[in-house]
Amino acid sequence: MRNNIEACGCTSEPLGDVARLAALVKSSGALLLDAGGLRYDEDPLPADKLPQVRKKAEFLENTWGALGAVTMLQPEDLRGQPDGGELHERRRLASNVGGLPPGSLVPEVLRTVSGVKLGILGVADPEASWPLGVQVSEPLAAARAA
């Protein structure tokens, strides 16, 4: 999503917007898996736009939560507050990340979809541009441990 809640602007069969995605997830009983980067775009956040961008981020976060989404963590999610304060109690999926507030991460998730139990884990890229204080360990070892 990259914090984009608008339609894509396509002229043939546009597939954008949150309402369409939410209706699809609800009607199908599907599990929404998000690879992260939900809160903010990759571009730097201009100070004058930060309040509006944070409101969009909270809207998306709350909507994904209501849909029961499993959402990974990416560095973009920490652009608003590099210490991870915005993610407190959001429970992002990451098996190899440390240095964020308690309650903001889970190493793995177990869900049942259509009677099938799914074990889901997420590993973050240690080479990505993480804020100072965030520790990202070797992914393969974290995946094996999870």
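In this numbering scheme, every chain counts its residues from 1 along its sequence in written order. Local features in this predicted model are restricted to residues of pLDDT 70 or higher, and side-chain atom pairs are both shown and tallied only at a pLDDT of 80 or more, whereas totals for entire chains, interfaces and linings draw on every residue. As a rule here, side-chain values cover all heavy atoms of the structure and leave hydrogens and water aside.

Trainee: Help me get a handle on the overall build of the chain, residues and values and all.
Mentor: Per the secondary structure count, the chain includes 3 helices and 8 strands. Helical segments are the DSSP runs of H or I of at least four residues, strand segments are the runs of E of at least two, and each set is numbered from the N terminus. Listed by position from the N terminus, the elements making up the chain come as α-β-α-β-β-β-β-β-β-β-α. Each residue is placed in one exposure class: buried if its accessible area under a 1.4 Å probe, protein chains only, is under 20% of its type's maximum, exposed if it is over 50%, and partly exposed if it falls in between. Looking at the chain as a whole, 36% of its 146 residues are labelled buried. A separation of at least 24 residues holds for 60% of the contacts in the chain among residues at least 6 apart in sequence. By definition in these notes, contact holds between two residues if any of their heavy atoms fall within 4.5 Å.

Trainee: Run through the pattern of salt bridges, naming residues and quoting values.
Mentor: By definition here, a salt bridge exists when the distance from a side-chain nitrogen of Lys or Arg to a carboxyl oxygen of Asp or Glu is within 4 Å. As enumerated under the stated definition, the model contains 7 salt bridges in all. Note that R54 is salt-bridged to E86, the shortest N-O span being 3.6 Å. In this pair, R54 is assigned in helix 2 (residues 50-66) and E86 in the loop between strand 2 (70-71) and strand 3 (92-93), connecting sequence segments 32 residues apart. Residue classification places R54 among the partly exposed positions, given a relative accessible area of 29%. In this structure E86 comes out as buried when scored by relative accessible area, which is 13%.

Trainee: An account of the pairing of strand 7 (residues 116-121) is needed here, citing residue identities and associated values.
Mentor: Moving residue by residue along a regular strand, the side chains alternate between the two faces of the sheet. As defined by bridge partners, strand 6 (residues 108-113) adjoins strand 7 across 6 bridges and the pair is classed as antiparallel. Considered in strand 7, the bridge of V109 is made with I120. Linking two consecutive strands that pair antiparallel, namely strand 6 and strand 7, is a turn of 2 residues; a positive phi of about 55° is found at S114 within it. The criterion for strand pairing is that DSSP finds at least two bridges linking the strands in question.

Trainee: Any details on the nonpolar core? Residues and values, ideally.
Mentor: As used in this record, nonpolar core signifies buried Ala, Val, Leu, Ile, Met, Phe, Trp, Tyr and Cys residues forming a set joined through side-chain atoms within 4.5 Å. Listed in full, the 11 residues of the largest apolar core are L73, L78, L87, A94, V97, L100, L105, A124, W130, V134 and V136. Discounting chain neighbours no more than four positions away, the residues touching L100 are L73, L78, D83, G84, L105 and V134. Among the nonpolar cores identified, the runner-up in size contains 9 residues, and A22, L60, W64 and A69 belong to it.

Trainee: Lay out the confidence of the model for the chain with the relevant residues and their values.
Mentor: The pLDDT score gives, residue by residue, the confidence of the prediction method on a 0 to 100 scale. Counting all residues, the mean pLDDT for the chain is 85, and 88% of those residues have values of 70 or more. Within the chain, no element has a lower average pLDDT than helix 1 (residues 18-28), which sits at 86, and none a higher one than strand 8 (residues 135-136), at 96.

Trainee: How would you sum up helix 2? Please name residues and give values.
Mentor: Each helix should span, by expectation, one fewer than its residue count multiplied by 1.5 Å. With 17 residues, helix 2 should cover 24 Å at 1.5 Å per step; its first-to-last C-alpha distance of 24 Å lies within 8% of that length. Taken together, the buried positions of helix 2 are V53, A57, L60, E61, T63 and W64. Angular distribution of buried residues about the axis of helix 2 spans 165°; they occupy a single face of the element. Exposed residues on helix 2 whose side chains face more than 90 degrees from its buried face are P51, Q52, K55, G65 and A66. Throughout, the arc means that of the directions going from the helix axis to the C-beta atoms.

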